[in-house]
Amino acid sequence: MINKVKEFVTEQTQALAGQAQKLGKAPVETAREAAVKSAAGIKSLKDPIRALARSGVKLTAISQGTAQSLIELQAEMVTTALTEAADQLERAARANNVLELARDQADVLKATRDRIVSDISQAVTIFKDAGGDVRKVATHTYESVTGKGKAAPAAAKKKTKAAARKKGKRPARKAPARKK
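Cut-offs and rules
- Residues numbered from 1 in each chain as written.
- Predicted model: local features only at pLDDT ≥ 70, side-chain atom pairs only at ≥ 80, totals over all residues.
- Heavy atoms only, no water.
- Salt bridge = Lys/Arg side-chain N within 4 Å of Asp/Glu carboxyl O.
- Helix = DSSP H or I, 4+ residues; strand = E, 2+ residues; numbered from the N terminus.
- Buried < 20%, exposed > 50% of the residue type's maximum accessible area, 1.4 Å probe, protein only.
- Expected span 1.5 Å × (residues − 1).
- Axes fitted to C-alpha atoms, helices over the stretch in contact; angles between N-to-C directions.
- Parallel < 35°, antiparallel > 145°, perpendicular 65-115°, else oblique.
- Nonpolar A, V, L, I, M, F, W, Y, C, P; charged D, E, K, R; others polar.
- Polar contact = N/O pair within 3.5 Å; in protein donor to acceptor, adjacent residues only side chain to side chain.
- pLDDT = per-residue confidence, 0-100.

## Structural notes on the pattern of salt bridges
The final tally for this structure, using the stated rule, is four salt bridges. In this structure, the salt-bridge partner of Glu90 is Arg94, at a minimum N-O distance of 3.9 Å. With Glu90 and Arg94 both in helix α3 (residues 46-94), this residue pair falls four residues apart, about one helical turn. On the basis of relative accessibility, which here comes to 56%, the residue Arg94 falls in the exposed class.

What follows is the structure, encoded as structure tokens:
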């Protein structure tokens with residue numbers, strides 16, 4: 001979009017320079033031509049601006065959905081933590097001796113660790129899904145504004161298995177010997 005705007009500004013600057021020369025020769029005709037070109041330039045920006053506005057709405061919906069999912073996850077995490085804390089206190093009150101209490105605490109710690117890993121996995125999934133949605137919106141907006149097909153990713157060199165093995169077998173670079 002920025003490049004398109006830069007191109008537009010460059011074209012307008014060149015057109016204005018030509019118009020200034022014509023203005024001295026035929027002011028009314030030159031003014032009419034300038035007005036027609038300006039109107040065409042303004043009309044040509046209508047579709048890109050609409051595409052950007054639509055993408056802004058889509059991005060807002062994505063961010064709101066992501067925030068909602070994260071808030072729901074947080075509420076679930078807090079509720080689960082409170083429930084587990086209450087259960088832990090009840091087990092501690094029912095424990096007959098210190099050994100039984102220690103075993104219960106070990107079980108609770110394992111369950112807590114598993115719950116935390118699950119919660120983190122859910123949060124990562126929420127962000128990953130949001131990132132994919134943002135990528136889709138950005139790609140679609142790029143295609144709409146530029147009129148080009150899919151955005152071509154930068155050409156990356158693919159390593160073959162042989163090249164990867166060669167790189168792995170190179171000797172390590174040694175530091176220069178210290179002088180005493």
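## Regarding the environment of His140
Within the fold, His140 resides in helix α4 (residues 98-146). Along the chain, His140 and Ser55 lie 85 residues apart, while their C-alpha atoms are 8.4 Å from each other.

## A short note on α3
For α3, with 49 residues, the first-to-last C-alpha span of 72 Å sits near the 72 Å given by 1.5 Å per residue. Among all positions of α3, only Pro48, Ala51, Ser55, Ile62, Thr66 and Leu73 are buried.

## What about the packing of α3 against α4?
The contact between α3 and α4 brings their axes to 10 Å, and the two run at 175 degrees. In terms of orientation, α3 lies roughly antiparallel with respect to α4. Of the residues belonging to the contact of α3 with α4, the class tally is 19 nonpolar, 11 polar and 10 charged.

## Here we look at α4
An ideal rise of 1.5 Å per residue puts 72 Å on 49 residues; α4 measures up with 71 Å between its terminal C-alpha atoms. Listing the buried residues of α4 in full gives Asp104, Val108, Thr112, Arg115, Asp119, Ala123, Ile126, Ala130, Gly132, Val137, Thr141 and Val145. One side-chain oxygen of the residue at the start of α4 lies 3.2 Å from the amide nitrogen of Leu99, identifying that residue as Asn97. Of the residues one or two after α4, Gly147 is the one with positive phi, at around 80 degrees.

## Overview of the confidence of the model for the protein
Considering every residue of the protein, the mean pLDDT works out to 82; 79% of them sit at 70 or more. Confidence, expressed as mean pLDDT per element, reaches its minimum in the protein at helix α5 (residues 161-168) with 54 and its maximum at α3 with 92.

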